[in-house]
Amino acid sequence: MQSPSDHAEQLGPDSGPIELQDDLEGDTLREECGVFGIFGHPEAAAITALGLHALQHRGQEACGIVTFDGSRFHSERRLGLVGDTFSRREVIERLPGTVAVGHVRYSTTGATILRNVQPLFAELNAGGFAVGHNGNLTNGLSLRRELVRNGAMMQSTTDTEVILHLVAQSKRSHFVDRFIEALRAIEGAYSLVALTNKKLVGARDPLGIRPLVLGDLDGRPILTSETCALDMIGAKYVRDIEPGEIIVFDEEGAHTHKPFPPKPPRPCIFEYIYFSRPDSIVGGRSVYEVRKAFGAQLARESHPDIDVVVPVPDSGVPAAVGYSQYSGVPFELGIIRNHYVGRTFIQPTQSVRELGVRMKHSANRAAIEGKRIILIDDSLVRGTTSKKIVRMMRDAGAREVHFRLASPPILYPDYYGIDLPDRGGLLAATHTLEEMREIIGADSLAFLSIDGMYRAMGYPGGRDPANPKFADHCFTGAYPTHLTDHSETEPQPRQLSLLAEAS
Ligand code: SF4
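Now for a quick tour of the structure. (Residues numbered from 1 in each chain as written. Predicted model: local features only at pLDDT ≥ 70, side-chain atom pairs only at ≥ 80, totals over all residues. Heavy atoms only, no water.)

### Let's talk about the nonpolar core
Counted only if it meets this: Buried residues of nine kinds, namely Ala, Val, Leu, Ile, Met, Phe, Trp, Tyr and Cys, make up a nonpolar core once their side-chain atoms join them within 4.5 Å. Categorising residues by exposure relies on relative accessible area from a 1.4 Å probe, with only protein chains included: less than 20% of the type maximum marks a residue as buried, more than 50% marks it as exposed, and the intermediate range marks it as partly exposed. Counting from the N terminus, the helices are DSSP H or I runs at least four residues long and the strands are E runs at least two residues long. Residue contacts are counted whenever heavy atoms from the two residues lie within 4.5 Å of one another.
One finds Tyr-272, Phe-294 and Phe-475 to be the most contacted residues of the largest nonpolar core, which totals 42 residues. For this core, the leading source of residues is helix H9 (residues 287-301), giving five residues. In contact with Phe-475, other than residues within four places in its own chain, are Ile-269, Phe-270, Ile-273, Ser-407, Pro-408, Pro-409, Ile-410, Leu-411, Tyr-412, Ile-450 and Met-453. Grouped together as the second largest cluster of nonpolar side chains are 30 residues, Ala-152, Val-176, Tyr-190 and Val-248 included.

The structure is reproduced here in structure tokens:
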């Protein structure tokens, strides 16, 4: 791969962003990436920067934009947040052109180093080619080994680079045919935006595991991970890119290709639980309304005697609203988040941290003191965060602390681009419900049931194992694609009776 212009790849800090280990954020799930692309707009880079800003929740480690100005490609890729890189006029001015693709990254494959920051760019014999990827290939390692054996020189450690090499090696004469040939070789989850000197291209894997939508800004097409990026720039939502669809924009208009045999779609249900922004519409559903429905269903399934409903901010808020509305128990902000602690805040020393400093969250004593509270969070991974929150609530005077999760227990690892630990690191895969309750220190603990989750999504019969509608394998182990790079014969986790309440 080469740098596309003289000022390409302005270096960010080599060692990555300064990590502020927040007291409540050591246990959150992280999405791998968000993508954005626009065709035919005179301010393509500035608009892409705004779009990426709206997608920041999908990846905070690095960001990048590649543009084409009619004769040259230009690239800026940095470690750090979008606002730190692309809010400066001189950076946007270094990205001329009417076509752009952009990417925000949280790494789940490949280290956090500048050469892994996307969009990746390569100079192929047919011209330049940039690609940004949300998802994870389940045969990326196997393909990589084969490519290296055949002489490919890899520049990054990401699975996405495999796609560049497959396109480069294709013998087809037209770019779209080469791209399709590359996609036929890969397995797993991918939503891609790609740029050549003539085209903007979007592609979604045949199961539609990760989202990708089409928007319109004054007649100019936009491809992006979530509708919140369209709202940010005043663009209209047109439609979701269909699973298995490849869409190409060039001077002649839009062309759609569907080269894969159709399969029942399996979009990732975690987009609704946690990843997508609550103001986004995913698969035609409002994420906010789905989260509220999860909370209402949780209240239907498990409702102890309590005085107030308290969300774990921010991701537990919509489910807590739903729980409160359904149960009639008042909603209170018992945990306050400090939004002004930046990543560059001086990291406290261990001795200061041991004093119990709460950098980003603190208990709102007035809302919880002497009360029986129910805490609502979106999901449980390792349980370390939940334990700290329960302790914080008790220290602030809560009389009873009940804990509810607005998703089922996570029992299996993810191989599609989410930062989930292996099974040994998943609390629910290694402990009974009562053991978990004890570890967390709550008076009672319960999860949303699998069938309840599907009911809240509008399927009154619950989950149909023969046609599950969504990718839900972190709860069920029903992986929807080959896992070529991973053992498919791992022992199953203990079968737990998790749907009953522990108290
Ligand atoms: S394992 Fe979970 S988070 Fe990952 S793609 Fe499947 S449903 Fe989504």
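### Overview of the packing of aromatic side chains
We apply this condition: Between the rings of Phe, Tyr and Trp (Trp by its six-membered ring), a pair exists once the centres lie within 6.5 Å; its type follows the angle of the planes, with under 30 degrees stacked, over 60 edge-to-face, and the other angles tilted.
Taken as a whole and assessed by the stated rule, the structure comprises 12 aromatic pairs. Ring geometry for Tyr-459 versus Phe-470: centroids 6.4 Å apart, planes at 75°, classification edge-to-face. Of this pair, Tyr-459 sits in the loop between helix H16 (450-456) and helix H17 (473-476) while Phe-470 sits in the loop between H16 and H17; the two residues are 11 residues apart in sequence, bridging distant segments of the chain. Pairwise contacts between aromatic rings join Phe-270, Tyr-274, Phe-275 and Phe-475 into one cluster.

### Regarding the site of the ligand
As a reminder, the rule being used: We call a residue near a given molecule or strand whenever any one of its heavy atoms falls within 4 Å of it. For this classification, the nonpolar set comprises Ala, Val, Leu, Ile, Met, Phe, Trp, Tyr, Cys and Pro, the charged set comprises Asp, Glu, Lys and Arg, and every other residue, Gly included, is treated as polar.
In the vicinity of the ligand, the contacting residues are Arg-210, Cys-268, Phe-270, Asp-414, Tyr-416, Ile-418, Ala-471, Asp-472, His-473 and Cys-474. Per-class residue counts for the shell around the ligand are six nonpolar, one polar and three charged.

### Comments concerning the environment of Lys-198
Position of Lys-198 among the secondary structure elements: in the loop between strand E7 (188-196) and strand E8 (200-204). We classify Lys-198 as exposed; its relative accessible area is 57%. As a C-alpha pair, Lys-198 and Val-99 span 99 residues in sequence and 9.0 Å in three-dimensional space. Those residues in contact with Lys-198, other than ones at most four positions away along the chain, are Phe-39, Phe-249 and Asp-250.

### What about the sheet that holds strand E6 (residues 127-137)?
Quick reminder of the rule: For two strands to be treated as a pair, DSSP must find at least two bridges joining them. To define axes, lines are fitted to C-alpha atoms, for helices over the stretch in contact only, and angles between the resulting N-to-C directions are given on a 0 to 180 degree scale.
Ordered in space as E5-E6-E7-E8-E12-E13, the six strands form an open sheet in which the pairing is antiparallel. The open sheet has two free edges, formed respectively by strand E5 (120-124) and strand E13 (253-257), since each of these has just one partner strand. Along the sheet, successive strands turn relative to each other by an average axial angle of 20°, direction set aside. Direction of pairing for E8 relative to strand E12 (residues 246-250): antiparallel, over a ladder of four bridges. Across the sheet, Gly-202 pairs through a bridge with Ile-247, a residue of E12. On top of the sheet, helix H5 (residues 160-169) reaches E5, E6 and E7; it is set at about 15° to E5, its chief contact.

### Digging into the packing of H5 against helix H6 (residues 175-185)
Definition in use: Working definition: roughly parallel below 35 degrees, roughly antiparallel above 145 degrees, roughly perpendicular at 65 to 115 degrees, and oblique for all remaining angles. For any helix crossing, the convention is left-handed if the near helix is rotated counterclockwise from the far helix by under a right angle, and right-handed if that rotation is clockwise.
At a minimum axis distance of 8 Å, the contact between H5 and H6 shows a crossing angle of 130°. In terms of their interaxial angle, H5 and H6 are classed as oblique. Note on packing geometry: the crossing formed by H5 with H6 is right-handed. Facing Ile-163, Leu-166, Val-167 and Ala-168 of H5, the residues of H6 in contact are Phe-175, Arg-178, Phe-179, Ala-182 and Ala-185. Taken together, the residues that form the contact of H5 with H6 break down as eight nonpolar, no polar and one charged.

### A few points about unusual backbone geometry
Pro-119 follows Gln-118 through a cis peptide bond whose omega is 0°. Tracing the backbone through its elements, the reader meets Pro-119 in the loop between strand E4 (99-105) and E5. Going from Pro-313 to Asp-314, the amide bond is cis rather than trans, its omega being -10°. In this structure, Asp-314 sits in the loop between strand E16 (308-311) and helix H10 (317-327). Even without a glycine there, the phi angle at Asp-218 is positive, about 50°. Within the secondary structure, Asp-218 is located in the loop between strand E9 (213-217) and strand E10 (220-224). A positive phi angle is found at Lys-469, which is not glycine, with a value near 75°. Mapped onto the elements, Lys-469 comes out in the loop between H16 and H17.

### Considering helix H4 (residues 140-149)
Residues that lie three or four places apart on an α-helix share one face, since the helix turns once every 3.6 residues. Note the cut-off: Comment: arc refers to directions from the helix axis out to C-beta atoms.
Within H4, the full set of buried residues consists of Gly-140, Leu-143, Arg-144 and Leu-147. Taken around the axis of H4, the buried residues stretch over an arc of 100°, which confines them to a single face. For H4, the secondary structure elements touched by its buried residues are E6, H5 and H6. Directly beyond the C-terminal end of H4, a positive phi value near 105° is found at Gly-151.

### What about the pairing of strand E2 (residues 62-68)?
Burial analysis of E2 places seven of its seven residues in the buried class, the great majority of the element. Along E2, one buried face is formed by Ala-62, Gly-64, Val-66 and Phe-68 and the opposite face, lined by Cys-63, Ile-65 and Thr-67, is buried too. The pairing of E2 with strand E3 (residues 73-79) spans seven bridges and is classified as antiparallel. When the sheet's bridge partners are listed, Ile-65 is paired in E3 with Glu-76. Where E2 folds back on E3, the antiparallel hairpin that results is connected by four residues, among which Gly-70 adopts a positive phi of roughly 105°. Where E2 and E4 come together, seven bridges link them in antiparallel fashion. Pairing of Ala-62 across the sheet is with Arg-105, part of E4.

Read these as spatial facts, not as claims about activity.
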